[in-house]
Amino acid sequence: MTKTMERKYRVTLSTSLVMVSGLITGCAGAPGLFGSADTAPPFRDATMSMQTAKELVVNGLTTKVDVMSGLGSATIVKFESGYEVWVYRAGARESSAGKPELVILFTPSGVVKKHRLKPAYTTP
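Here the residue numbering is sequential within each chain, running from 1 through the sequence in written order. Only residues with pLDDT of at least 70 are given local features in this predicted model, and only at 80 or more are side-chain atom pairs given and counted; all residues enter the totals for whole chains, interfaces and linings. No hydrogens and no water enter the side-chain calculation; it runs on all heavy atoms of the structure.

This next bit is on the pattern of salt bridges. Salt bridges, as used here, are contacts in which a Lys or Arg side-chain nitrogen is within 4 Å of a carboxyl oxygen on Asp or Glu. Under the criterion given, the structure shown has 2 salt bridges. Residue E101 pairs with R89 through a salt bridge whose shortest N-O separation is 3.0 Å. Taken together, the residues E101 in strand β3 (residues 101-106) and R89 in strand β2 (residues 84-89) connect sequence positions 12 residues apart. Secondary structure elements are taken from DSSP: a helix is a run of H or I of four residues or more, a strand is a run of E of two residues or more, and numbering for both begins at the N terminus.

Here's what the structure looks like:
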């Protein structure tokens, strides 16, 4: 192997190691490989309880803008009819089994039609 080829090989290997370590570091951040997504608060105000959030929403009066500004972002499901469902889950958004959640149904005009608080279910 010539010295030029050896240097190119070392540069390529070094670059690859830096890229791989960057990927691993990026995945390790919360909620990555080592972080816990269960500690993520469901609302913008981390101290707000599910019950308090439910009480802020009024059927027929509260709008999407009101909810977004008061509670923060949610998991949103949009329907072709124009209706939307917004879900706020305690803990990880991916694993909702057994966790409390606030579900809000919006009309096509952006006003709350219904909302409910699903309690946390305990497993036997």
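Still more ground to cover, so stick around.
Looking now at the sheet that holds strand β1 (residues 75-78). Sheets are built from strands paired through backbone hydrogen bonds, the pairs being either parallel or antiparallel. With antiparallel pairing, the 4 strands of this open sheet are ordered in space as β1-β2-β3-β4. Unpaired on one side and paired on the other, β1 and β4 (112-118) mark the two borders of the sheet. Across the sheet, the mean angle from the axis of one strand to that of its neighbour is 15°, orientation sign disregarded. Note: two strands are recorded as paired if DSSP finds a minimum of 2 bridges between them. Looking at chain direction, β1 and β2 are connected through 4 bridges and run antiparallel. Across the sheet, residue V77 finds its bridge partner in β2, namely V85. With respect to the sheet, helix α3 (residues 64-71) is in contact with β2, β3 and β4, its orientation differing from that of β2 by roughly 15°. Helix axes use the C-alpha atoms of the stretch in contact, all axes being lines fitted to C-alpha atoms, and the angles between their N-to-C directions lie in the range 0 to 180 degrees. Contacts are residue-level and defined by heavy atoms, with any inter-residue pair within 4.5 Å sufficient.

Now for the confidence of the model for the chain. Confidence of the prediction at every residue is given by pLDDT, a number between 0 and 100. Here the chain shows a mean pLDDT of 76. Residues at 70 or above account for 59%. The spread of mean pLDDT over the elements of the chain runs between helix α1 (residues 3-28), the lowest at 50, and β3, the highest at 96. Here residues 15-37 is a poorly scored stretch, pLDDT under 50, and it has 11 contacts once near neighbours within four places are set aside; other chains count.

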